[in-house]
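# Secondary and tertiary structure notes
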Amino acid sequence: QEQLVESGGGLVQPGGSLRLSCATSGIIFAYNIMGWYRQTPGNERELVARVNAGGGTNYADSVKGRFTISRDNAKSSVYLQMNNLKPEDTAVYYCNAHDVRNRLDSWGQGTQVTVSS
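Quantities reported herein were computed from a predicted structural model and do not represent experimental measurements.

### A look at unusual backbone geometry
Phi at Ser 76 is positive, roughly 50 degrees, even though this residue is not glycine. Along the chain, Ser 76 falls in the loop between strand S7 (67-72) and strand S8 (77-82). In this structure, Asn 84 takes a positive phi of about 50 degrees despite not being glycine. Structurally, Asn 84 can be placed in the loop between S8 and strand S9 (91-99).

Printed below as a string of structure tokens:
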């Protein structure tokens, strides 16, 4: 059974930093595009960043230059380093694993990030 567990969320002041972690199990990590998404009440879940097996990355325009996604294949984990956080970054952040062979997605339960002074 696929399992994704996020950690690292919390309350931070504007301009601060957080590092989110996503530990996976039950998937072939190297076959998956890994991504971070976020969602606020009443809105659709949106892509924040993703990294493919070859190391290529994509970022939402709103986070470019501030967030960095990375993956550790040895640990089957993915991370999101968030710097210079803004109040509009407040959301529940979800880890996603997309199996490119089977076109199947797995999701974590989410971790709350709140940016407020």
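### Considering the side chain of Glu 6
With respect to the helices and strands, Glu 6 occurs in strand S1 (residues 3-7). For the buried Glu 6, which has no salt bridge, the nearest side chain bearing the opposite charge is Arg 45, at an N-O separation of 7.3 Å. Separated by 3.1 Å, the side chain of Glu 6 and the backbone nitrogen of Gln 109 make a polar contact. Apart from the residues lying within four places of it in its own chain, the contact partners of Glu 6 are Ser 21, Cys 22, Trp 36, Tyr 93, Tyr 94, Cys 95, Gly 108, Gln 109, Gly 110 and Thr 111.

Cut-offs and rules
- Residues numbered from 1 in each chain as written.
- Predicted model: local features only at pLDDT ≥ 70, side-chain atom pairs only at ≥ 80, totals over all residues.
- Heavy atoms only, no water.
- Helix = DSSP H or I, 4+ residues; strand = E, 2+ residues; numbered from the N terminus.
- Buried < 20%, exposed > 50% of the residue type's maximum accessible area, 1.4 Å probe, protein only.
- Lys, Arg positive; Asp, Glu negative; His and termini not counted.
- Salt bridge = Lys/Arg side-chain N within 4 Å of Asp/Glu carboxyl O.
- Polar contact = N/O pair within 3.5 Å; in protein donor to acceptor, adjacent residues only side chain to side chain.
- Contact = heavy atoms within 4.5 Å.

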